Amino acid sequence: MPSTVSANPLHLVAVTGGTHGNEMSGVCLVKHWLRDSSELVRDTFTAVPLLANPKATENCVRYYERDLNRCFTMDILSSPELQDEPYEVKRAREINRLFGLRGSTNAFDMILDLHNTTSNMGVCLIISEAQRHLEMHVCHHIQKHLPNYNPRIYLYAEPGVELYDLCSVSKYGIGFELGPQPQGVVRADTLQTMRTLVQVTLDFINQLNQGKEFPAFEADVYQRVGHVDFPRAPDGEISAVVHPSLQDRDFSPLHPGEPAFLSLDGKMIPYNGDQQIYPVFINEAAYYEKKIAFIVAEKIRLSIPALCTTGGQGSP
Ligand SMILES: [Zn+2]
């Protein structure tokens, strides 16, 4: 691995909220910035707010017909428009056009996508994979500047799986996932934290564009490796709920044999994996329909090279 990687300056940044229409921190902030975007202004680049899923936002639901944040596959983005397609499929293509086409030189430089979770994830910074050095530097910068929030870095893409989220449209992308906050509810503390994350990130981009070099570092990340469904009865109904001793323990280790679920007739059901894991998105409301009780992550230590801008060659 090189000791320093270089990036071109970032000129076009989008801050997106309402990708899921009932995750209210991003919805409220983006609606505010659409009226007054002065908070997003920096010397060296343009940042634009976008309400990603207006129809879901209007109805205060996660999505109208399909989860928008799973619609940014090359298959969908490159196929011709059909009349009776789900709203979000059309919207994904529209966003791809707005942000300059995924994979092209015209693509936006960065998307900051604002989300909330009902899980006790605190401040979670989501990037796709470990090789994303520029995004890793943003996350590290946030961790250094906002240690009281204890921000964690989560890598969502399992190796070999195609990217499908909104952030994949731009050259770089980070999701801010803050919780717990109920769907359809906006809490002032969570909203303020989200706002601060955006400010710190825009400041980082500004400093990078101005030629500041960011030194190499090591960081712990949580890599998604799978998920666990609820225990189910033969008819498919959930037969056990998340165990009280696991609830709210996102990012804490869970060992084989420790309580994972509590059956509706009162029995403890242990985690039956063969090694220690780090559960995240425990009991996330939006994941019931995806048959996910929690996501399984591994904790990994990464070494990230220094970062600078050259205005030219190389890419992190
Ligand atoms: Zn979301």
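Structure first, text after, so check above.
Let me sum up the structure you'll find in this document. Here the structure is a predicted model, which means the values were calculated and not measured.

Bringing the overall build of the chain into the picture now. When its secondary structure is counted, the chain shows six helices and 14 strands. A compact globule built from 316 residues should have a C-alpha radius of gyration of about 20 Å, and the chain, at 20 Å, falls within 12% of that. Considering only C-alpha atoms, the chain reaches an extent of 60 × 50 × 40 Å along its principal axes. For the chain, the accessible surface area stands at approximately 13700 Å², while carbon and sulfur atoms represent 51% of it. Separation of charge centres in the chain, based on 27 positive and 37 negative side chains, amounts to 2 Å.

Turning next to unusual backbone geometry. Note the cis peptide between Gly179 and Pro180, where omega equals 10°. Mapped onto the secondary structure, Pro180 falls in the loop between β7 (172–179) and α6 (188–209). Residue Leu101 is not a glycine yet carries a positive backbone phi of 75°. Accessibility expressed as a relative area gives 42% for Leu101, which makes it partly exposed. Of note in this structure, Asn150 is not a glycine but carries a positive phi near 45°. Among the structural elements, Asn150 can be located in the loop between α5 (133–145) and β6 (152–155).

For the zinc ion, the protein coordination sphere consists of His20 (ND1), Glu23 (OE), Glu23 (OE) and His115 (ND1), at 2.0 to 2.5 Å. In this structure, the zinc ion is surrounded by four donor atoms whose angles at the metal cover 57 to 148°, and the resulting shape is irregular. Between consecutive donors of the zinc ion, the numbers of intervening residues give the motif H-x2-E-x91-H. Across this residue pair, the class does not change: His20 and Glu23 are buried.

For the coordinates displayed, the defined rule picks out 18 salt bridges. With a shortest N-O distance of 3.8 Å, Glu162 and Arg102 are connected by a salt bridge. Note that Glu162 is positioned in the loop between β6 and β7 and Arg102 in the loop between α4 (87–98) and β4 (110–116), a separation of 60 residues in sequence. Salt bridges linked by common partners bring Glu23, Arg62, Asp67 and Lys290 together as one network.

Throughout the structure, instances matching the rule amount to 11 aromatic pairs. Where Phe261 meets Phe294, the ring centres are 6.1 Å apart and the plane angle is 25°; that geometry is what we call stacked. With Phe261 in strand β10 (residues 259–263) and Phe294 in strand β13 (residues 294–304), this pair connects stretches of sequence that are 33 residues apart. Following the ring pairs from residue to residue traces out a cluster consisting of Phe230, Phe261, Tyr288 and Phe294.

Attention now moves to the pairing of β13. Inspection of the sheet shows strand β8 (residues 217–228) paired to β13 by 11 bridges, in the antiparallel sense. Looking at β13, one finds that Asp220 is bridged to Arg301. Examined bridge by bridge, strand β12 (residues 278–280) and β13 share three bridges and lie antiparallel to one another. Each bridged residue has a counterpart across the sheet, and for Tyr278 the counterpart in β13 is Ala297.

Turning to the side chain of Gln223, a few remarks are in order. Secondary-structure assignment places Gln223 in strand β8. For Gln223, a relative accessible area of 11% puts it in the buried group. Polar side-chain contacts of Gln223 include one of 3.0 Å to the backbone oxygen of Ala157. Excluding residues within four positions of it along the chain, Gln223 makes contact with Leu155, Ala157, Glu158, Pro159, Val296, Ala297, Glu298 and Ile300.

Before going further, it helps to spend a moment on α6. Its 22 residues place the ends of α6 32 Å apart at the C-alpha level, agreeing with the 32 Å of an ideal helix rising 1.5 Å per residue. One or two steps after α6, the chain reaches Gly211, where phi turns positive at roughly 100°.

The rules behind each value
- Every chain is numbered on its own, with residues counted from 1 as its sequence reads.
- Thresholds applied to this predicted model are a pLDDT of at least 70 for local features of residues and 80 or more for the giving and counting of side-chain atom pairs; totals over whole chains, interfaces and linings are not thresholded and use all residues.
- Side-chain measures here rest on the full set of heavy atoms in the structure, leaving out hydrogens and waters.
- A run of H or I in DSSP counts as a helix once it spans at least four residues, and a run of E counts as a strand once it spans at least two, with each numbered from the N terminus.
- The globule rule is 2.2 Å times the number of residues to the power 0.38, and the radius of gyration it is compared with is taken over C-alpha atoms.
- Reported accessibility uses the Shrake-Rupley method at a 1.4 Å probe radius. Residues are deemed covered only where the shown protein chains occlude them.
- The charge count treats Lys and Arg as positive and Asp and Glu as negative. His and the chain ends do not count.
- Charge positions come from single atoms, namely NZ of Lys, CZ of Arg, CG of Asp or CD of Glu.
- Only protein chains enter the accessibility calculation, which uses a 1.4 Å probe; a residue whose area is less than 20% of its type maximum is buried, one above 50% is exposed, and one in between is partly exposed.
- Donors, by definition, are the N, O and S atoms found within 2.8 Å of a metal, the threshold being 3.2 Å for Na, K and Ca, and water is not counted, so a site can look incomplete.
- Just to be clear on the cut-offs, tetrahedral is four donors with all angles between 85 and 135 degrees, square planar is four donors and octahedral six with opposite donors over 155 degrees apart and all others between 65 and 115, and anything else goes down as irregular.
- For salt bridges, the criterion is a side-chain nitrogen of Lys or Arg within 4 Å of an Asp or Glu carboxyl oxygen.
- Geometry of aromatic contacts follows a simple scheme: Phe, Tyr and Trp rings, the Trp one being its six-membered ring, pair when their centres are within 6.5 Å, and the pair is stacked under 30 degrees between planes, edge-to-face over 60, tilted otherwise.
- What makes two strands pair is DSSP finding at least two bridges between them.
- Here a polar contact is recorded for every N or O atom pair within 3.5 Å, except that within protein the pair must consist of a potential hydrogen donor and a potential acceptor, and residues adjacent in sequence are included only if both atoms are side-chain atoms.
- Here a residue-residue contact requires only that any non-hydrogen atoms of the pair lie within 4.5 Å.
- Helix span, expected: 1.5 Å multiplied by one less than the number of residues in the helix.

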